[in-house]
Amino acid sequence: MKPDTVKTIFVEGSVWVILFGLMVSHYSCSGIQERPNAPFNLRVEYKTDPIGIDKSAPRFSWVVNDTSRGAEQSAWQVLVATKEKELEQNNGDIWNSGKVNSGQNIQVTYRGDSLKSGQRYYWKVRTWDEHGNVSPYSEIGWWETGLLRQSDWKGSWIYNGKPAPDNPEDFYNNEPVALFRKAFALEKEVETARLYISGLGYYEASLNGSKIGDRVLEPGWTNYGKTVQYSVYDVKDLLNDEENVLSVMLGNGWYNPLPLKLFSKFNLREYLTIGRPKLIAQLQIYYRDGSQQTVITDEDWRVGEGPILKNDVFLGEFYDARKELPGWDTPEFDDSGWGMAKLASPPGGELMAQIQAPVKITKTIEPVAITEPESGVYIVDMGQNFAGWIRLRAEGPEGTEINMRYGELLYPDGSLNGLTAVAGQIKEIYNADGGPGAPATAWQQDTFILDGEGEEEFRHHFTFHGFRYVEVKGYPGELQKKDIEGLRLNADLEKNGRFASSNSMFNELQEVTERTFLSNVFSIQSDCPHREKFGYGGDIVTAAEAFLYNYNMGNFYTKTVRDFSRDVRPNGGMPETAPYNGIQAQGFGQGSGPIGWQYAHPFTQMKLYQFYADTSIIREQYPHTRKLVEFLRSNATNHIIDRGISDHEALEEKPVKLTSTAFYYDHARLLSEFARILGKDNDHKRYAELAEEIKSVFIETFLEKGTGRFGPATQTAQAFALFYDLVPPEEEQKAVDVLVDQIMEKHEGHIAAGIFGTKMIFDVLREHNRIDVAYTMANQKTFPGWGYMLENGATTLWEHWAGGDQVYSHNHPMFGSVSEWFYRSLAGINPHPGSAGFKRVVIRPMVPEDLEWANGSYDSIRGTIKSQWKREQDSFHLDVTLPANTSGEIHIPKLDKQRPTVVEGGKTFVDAGNTMSVDIRGIETVRIEQDAIVINAGAGNYRFTLSGN
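Residues numbered from 1 in each chain as written. Predicted model: local features only at pLDDT ≥ 70, side-chain atom pairs only at ≥ 80, totals over all residues. Heavy atoms only, no water.

**Digging into the overall build of the protein chain**
Note the threshold: Secondary structure elements are defined from DSSP: runs of H or I of at least 4 residues count as helices, runs of E of at least 2 residues count as strands, and each element is numbered from the N terminus. To get the radius of gyration, use the C-alpha atoms; to get the globule rule, take the number of residues to the power 0.38 and multiply by 2.2 Å. Only protein chains enter the accessibility calculation, which uses a 1.4 Å probe; a residue whose area is less than 20% of its type maximum is buried, one above 50% is exposed, and one in between is partly exposed. We call two residues contacting when some pair of their heavy atoms lies within 4.5 Å. The positive count covers Lys and Arg only, the negative count covers Asp and Glu only, and His and the chain ends enter neither. A charge is said to be at NZ when it belongs to Lys, at CZ for Arg, at CG for Asp and at CD for Glu.
Within the protein chain one finds 16 helices and 50 strands. In terms of C-alpha radius of gyration, the protein chain reaches 30 Å, essentially the compact-globule figure of 30 Å for 949 residues. The burial tally for the protein chain puts 62% of its 949 residues in the buried class. Within the protein chain, residue pairs in contact and separated by at least 24 positions form 73% of the contacts whose partners lie at least 6 positions apart. Across the protein chain, the centroid of the 96 positively charged side chains sits 6 Å from that of the 128 negatively charged ones.

The structure is reproduced here in structure tokens:
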């Protein structure tokens, strides 16, 4: 056997040089290909074949399709064409990149001819492997540009011409939604047709009586004074041959909110960009002869009134079926009695194609029980807490009024307890004041009035609720399960991760966490789907990585970062919530939020870099990030920040100065890192020095030298110091010991930290190999902990460890960092700290004594990563998949075996007794650590079996 490579194996301080031989038979069984297969999973701006990309230089990505061990891409070639037939002939008529010697298969920027608005472009790619073998071209992908320039919009903003009420209380009166119609005729045979549309606050559009698309609650919420999102629809199949009508119904959404004083203080109309509901649309029709027709919003549109008499994002809808206009959105309808639209002032923001996943009905939920705690009052149990709508069917006399109220809990007598879901805590029992005209209690509720014309159906249009239970009053007859169902709404995120284990409670908790997450992703990541519905920065920080493991969040979090920067405060600080709504607790004035909530802006940028290798968002946001750090510096006293909320919802002392200063340190550290990534050497040095100065002051101020104790030495205090690497090396183990003692002794194995500390503790315990402590903490079924929530009937995560039946939400994602722990510790899937976009992966599963197996997979931007392990009586099995064009560091836990032997593919390659086999393809180096055997490996599928004494 002729040796072909030299491998270095480090064994407990010694270096062993081993010759790894090339064995043809082994290569064959490892699935070696003569050439890579065609690339797949082609994406443009994180999307597959998207319509409405308004970037002049979009970014491409693909997955290298090569299952060979150690497979790497050495070069690529992209072709882009205006016609599919051009690509079929391998002609990129607007861009032929040529062979580019690069391993980059993500965030590849288009460099071809200038793109045109409303144009479909086709593309394909091929790759070369590490041996110079070229793949076939991929299947053809495509994308369509949106309207790339504001001047491409030919339509005008229009509205119904009605002024806003003069008095706050008048906003609560009935005001029918505006209906808009535009009739037009087709002239020739249609090739394609696209509708570009936005309507504030929300719109629903139809063409010839058919709803356009399956999106709801469009457009996504932004600061409308800075950005208004629009969507693009392919409507060719909805067109008639001759007469047509384009119709739109407008709701209030976040653009025309009620003057409800949330928390008796915050009137959204004083902080948001607001106005009367308005519409802009442009229907572009392309005929087969090359000509085109454009239908735009202007004063020629007809305007009427619809059956929705009230609609509000918090309080719900009032629908009177007697006001329906059958066929109003069809060509046959006579609109001669309708008024004419009026030109409206633009909201101020630039029209931009919506990038985040649209909100859709993603699941139908059947009720599990219906009870009647008092005569005529039905309680519908949907079996789970979720966000969305209900669909109710009823048949009764004209004028029958059905009232529905929503909540998360029941009282002992079986009646509805909706207090945890009341908007802005406006509750009569607290004597809260929602302002003139506001209800005494701001329930989530709807009203449906029947028209008496047979079976009728109610569903929502311009609101959404968070609930498990529905109280129904006034229903004609006996309400049965077939008469009502839930419609779950959420941003239609692509599922990226899967986790399961032998611990059934953890599997249930993963399901509950995902349900919570989906309840809180509409166009923003919210704190709860009922009481507030706001994009709090702190909640984003605590749950972002868990979201990233479970879903494709590339575009969603790009929007999140921009939401914060578009509401940057005049002093350079970031808001507490984005879009900004006036809430500003413990900030430094001018609407700046507490430091842990401002931190969402740089933190989320770093996550986009780590998970997707996105440097463009860092470059785009750099001036804001730098100004934010300088703003914090100006408010620090000797590098100490003395304001903030600290570890929200912690069960013990919250050390404000300690936590705020730690956040300040990481702001500076992240900015230094961003400067390094962008090649800004002077800023990199400057802010690295600032970070070190903050670190020195932190240690001097908060460390009790020689003890490892920081501040009050609570779980929170210790976690912050350790998580941010603010502990001197000589104190690190003592600091960990203090944290472990706080968990295991003082709190008897329970968590006591708040939303930040909880996430940090899991990370700290992983880094210090204390899976025993982390598992004990996560597995508790008594208060406080996730198991306590589940034991007490939680179907979504609570806002507070103790729950509560009057104040605290029962659908809050901020304790969802436990899902991140499942992926990072139990499955062991981690990005390498020195890599971006999972170019290099760390597989480091931790094996608690009481867990028999765990399976995890994550669909990274480069391909699927898997880690699955199982413990048997005398052996341990670990299956790992690293996608092509990546490499990994695989940690196989020794599990207290003194002389372990590792077998991969039937071949033994190392044990603690220094014997080894040498013909294992893909393995680069192996070293033995105290607790694990660490293997550096190239891409491929591996199955390791560990055995021994």
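**A short note on the environment of Glu 130**
Within the secondary structure layout, Glu 130 lies in the loop between β9 (120–129) and β10 (141–145). For Glu 130 and Gln 715, which are 585 residues apart along the polypeptide, the C-alpha to C-alpha distance reads 48 Å.

**Things to note about the packing of aromatic side chains**
Condition: Pairing of aromatic side chains requires ring centres within 6.5 Å, counting the rings of Phe and Tyr and the six-membered ring of Trp. Pairs whose planes differ by under 30 degrees are stacked, by over 60 edge-to-face, and all others tilted. Two conditions define a charge sitting above a ring: the NZ of Lys or the CZ of Arg must be within 6 Å of the ring centre, and it must be within 35 degrees of the ring normal.
Following the criterion strictly, the structure yields 63 aromatic pairs and no others. Where Trp 254 meets Phe 314, the ring centres are 5.6 Å apart and the plane angle is 90 degrees; that geometry is what we call edge-to-face. Of this pair, Trp 254 sits in the loop between β18 (243–251) and β19 (261–262) while Phe 314 sits in the loop between β24 (308–312) and β25 (316–320), and the two are 60 residues apart along the sequence. The two residues Trp 254 and Phe 314 agree in class, both being buried. Of note, Arg 569 hangs over the ring of Tyr 580, and the distance from its end group to the ring centre comes to 3.8 Å.

**A few points about the sheet that holds strand β7 (residues 95–96)**
Rules: DSSP calls a pair of strands paired once it identifies at least 2 bridges connecting them.
Ordered by their spatial adjacency, 5 strands build an open sheet running β4-β10-β9-β6-β7, and the pairing between neighbours is mixed. Edge positions in the sheet fall to β4 (51–53) and β7, since each of these pairs with one other strand and no more. Taken together, the 4 bridges between β9 and β10 define a ladder with antiparallel strand orientation. What sits directly across from Trp 123, in β10, is Gly 141.

**Overview of a nonpolar patch on the surface**
Let me state the cut-off plainly: Patch membership is restricted to residues that have no salt bridge and whose relative accessible area is over 30%. Joining uses 9 Å for like charges and 5 Å for the nonpolar side chains Val, Leu, Ile, Met, Phe, Trp and Tyr. Note that accessible areas follow from Shrake-Rupley with a 1.4 Å probe, and for residues the cover is restricted to the protein chains shown. When a carboxyl oxygen of Asp or Glu is within 4 Å of a side-chain nitrogen of Lys or Arg, the pair counts as a salt bridge.
On the surface, Ile 429, Tyr 430 and Val 807 cluster together into a nonpolar patch covering about 250 Å² of accessible area. Following the sequence through the fold, Val 807 ends up in the loop between α15 (786–791) and α16 (817–827). The partly exposed category is assigned to Val 807, whose relative accessible area is 30%.

**Thoughts on the packing of helix α9 (residues 656–677) against helix α10 (residues 681–702)**
Selection criterion: For every element, the axis is a line fit to its C-alpha atoms; helices are fit only across the contacting stretch, and the angle between N-to-C directions ranges from 0 to 180 degrees. Roughly parallel here means an angle under 35 degrees, roughly antiparallel means over 145, roughly perpendicular means 65 to 115, and every remaining angle is called oblique. In a left-handed crossing the near helix is turned counterclockwise from the far helix by less than a right angle, and in a right-handed crossing that turn is clockwise. The nonpolar class holds Ala, Val, Leu, Ile, Met, Phe, Trp, Tyr, Cys and Pro. Asp, Glu, Lys and Arg form the charged class, and all remaining residues, Gly among them, are polar.
It is the contact of α9 with α10, at a shortest axis distance of 8 Å, that shows an interaxial angle of 160 degrees. As far as their axial angle goes, α10 and α9 are roughly antiparallel. Seen along the crossing, α9 lies across α10 with a hand that is left-handed. Contacts from Lys 657, Leu 658, Thr 661, Ala 662, Tyr 664, Tyr 665, Ala 668, Arg 669, Leu 671, Ser 672, Ala 675 and Arg 676 of α9 reach α10 at Asp 683, His 684, Tyr 687, Ala 688, Leu 690, Ala 691, Ile 694, Lys 695, Phe 698 and Phe 702. Of the residues belonging to the contact of α9 with α10, the class tally is 14 nonpolar, 3 polar and 5 charged.

**Focus on unusual backbone geometry**
Cis geometry is found at the peptide bond from Leu 200 to Gly 201, where omega equals -5 degrees. Backbone torsion omega between Phe 783 and Pro 784 reads -5 degrees, so that peptide bond is classified as cis. Mapped onto the elements of the fold, Pro 784 is located in the loop between α14 (771–778) and α15. Here Ser 264, not a glycine, exhibits a phi torsion of approximately 60 degrees, which is positive. Along the chain, Ser 264 falls in the loop between β19 and β20 (266–267). Residue Ser 264 is classed as partly exposed on the basis of its relative accessible area of 35%. With a phi angle near 55 degrees, Ala 613 is a residue other than glycine that sits in the positive phi range. With respect to the helices and strands, the residue Ala 613 is situated in the loop between α7 (600–612) and α8 (616–634). Classification of Ala 613 by relative accessible area gives buried; the value is 16%.

**Structural notes on the sheet that holds strand β5 (residues 59–65)**
Reading across from one edge, β3-β5-β8 is the order of the 3 strands in this open sheet, with antiparallel pairing throughout. Each of the sheet's edge strands pairs with one partner strand only, and the pair in question is β3 (37–44) and β8 (108–109). As paired strands, β3 and β5 are joined by 4 bridges and run antiparallel to one another. Paired with Phe 40 across the bridge in β5 is Val 63.

**Some thoughts on the pairing of strand β29 (residues 359–365)**
Here 2 bridges tie strand β16 (residues 215–216) to β29, and the two strands are oriented antiparallel to one another. Residue Arg 215 lies in a different strand from β29, and its bridge partner there is Lys 360.

**Digging into the pairing of strand β14 (residues 202–207)**
Consecutive side chains along a regular strand alternate between the two faces of the sheet. Counting buried positions along β14 yields 6 of 6 residues, so the element is predominantly enclosed. Burial along β14 is two-sided: the face carrying Tyr 202, Glu 204 and Ser 206 and the face carrying Tyr 203, Ala 205 and Leu 207 are both buried. Of the strand pairs in this sheet, β14 and strand β15 (residues 210–211) are connected by 2 bridges, and their pairing is antiparallel. Its bridge partner lying in β15, Ser 206 is registered against Lys 211. Counted between consecutive antiparallel strands, the loop separating β14 from β15 contains 2 residues, among which Asn 208 sits at a positive phi close to 55 degrees.

**With respect to the pattern of salt bridges**
This structure, assessed with the given rule, holds 54 salt bridges. The salt bridge partner of Asp 335 is Arg 181, with a shortest N-O separation of 3.1 Å. One end of the pair, Asp 335, is in the loop between β25 and β26 (339–340); the other, Arg 181, is in strand β12 (residues 178–185), with 154 residues separating them in the sequence. Residue class for Asp 335 comes out buried when judged on its relative accessible area of 16%. We classify Arg 181 as buried; its relative accessible area is 3%.

**Thoughts on the environment of Val 245**
Tracing the backbone shows Val 245 in strand β18. Val 245 sits 180 residues away from Asn 65 along the chain, and the two C-alpha atoms are 47 Å apart. Apart from the residues within four sequence positions on either side, Val 245 is in contact with Arg 181, Lys 182, Ala 183, Phe 184, Ser 206, Leu 207, Asn 208, Asp 329, Thr 330 and Pro 331.

**A few points about the side chain of Asn 385**
Just so we agree on the cut-off: Counting of polar contacts relies on pairs of N or O atoms within 3.5 Å, with two restrictions inside protein: one atom must be capable of donating a hydrogen and the other of accepting it, and residues adjacent in sequence are counted only when both atoms are side-chain atoms.
In this structure, Asn 385 sits in strand β31 (residues 377–394). In terms of polar contacts, Asn 385 uses its side chain to reach the side chain of Thr 796, at 3.3 Å. From its side chain, Asn 385 meets the backbone oxygen of His 810 in a polar contact 3.5 Å long. Not counting residues up to four positions away in its chain, the partners in contact with Asn 385 are Glu 408, Gly 466, Phe 467, Arg 468, Arg 515, Ser 519, Thr 795, Thr 796, His 810 and Asn 811.

**Details of the packing of helix α12 (residues 732–746) against α14**
For the pair α12 and α14, interaxial distance at closest approach is 11 Å and the crossing angle is 40 degrees. Of the two elements, α12 crosses α14, and the hand of that crossing is left-handed. Mapping the contact onto sequence places Val 740, Ile 743 and Met 744 in α12 and Val 773, Thr 776 and Met 777 in α14. Counted by class, the contact of α12 with α14 contains 5 nonpolar, 1 polar and no charged residues.

**What to know about α14**
For α14, a buried count of 6 out of 8 residues is recorded, marking the element as mostly surrounded by other parts of the structure. Every buried residue of α14 is listed here: Ile 771, Val 773, Ala 774, Tyr 775, Met 777 and Ala 778. Buried residues along α14 sit in contact with α3 (504–519), α12, α13 (755–767), α15 and α16.

**What about helix α5 (residues 554–566)?**
The line we're drawing: To estimate the expected span of a helix, subtract one from its residue number and multiply by 1.5 Å.
Between its first and last C-alpha, α5 extends 18 Å over 13 residues, near the 18 Å set by a 1.5 Å rise per residue. Within α5, 12 of the 13 residues are buried, which leaves the element mostly enclosed by the surrounding structure. When we look at burial in α5, the residues that qualify are Gly 554, Asn 555, Phe 556, Tyr 557, Thr 558, Lys 559, Thr 560, Val 561, Arg 562, Asp 563, Phe 564 and Ser 565.

**Concerning the environment of Ile 524**
By the element assignment, Ile 524 lies in the loop between α3 and α4 (537–550). With relative accessibility at 6%, the residue Ile 524 sits in the buried group. In sequence terms Ile 524 and Ala 578 are 54 residues apart; their C-alpha atoms lie 8.3 Å from each other. Each residue touching Ile 524, except ones within four places of it in the same chain, is listed here: Trp 221, Lys 533, Phe 534, Gly 535, Phe 556, Lys 559, Asp 563, Ala 578 and Pro 579.

Any functional reading would require information beyond the geometric quantities listed.
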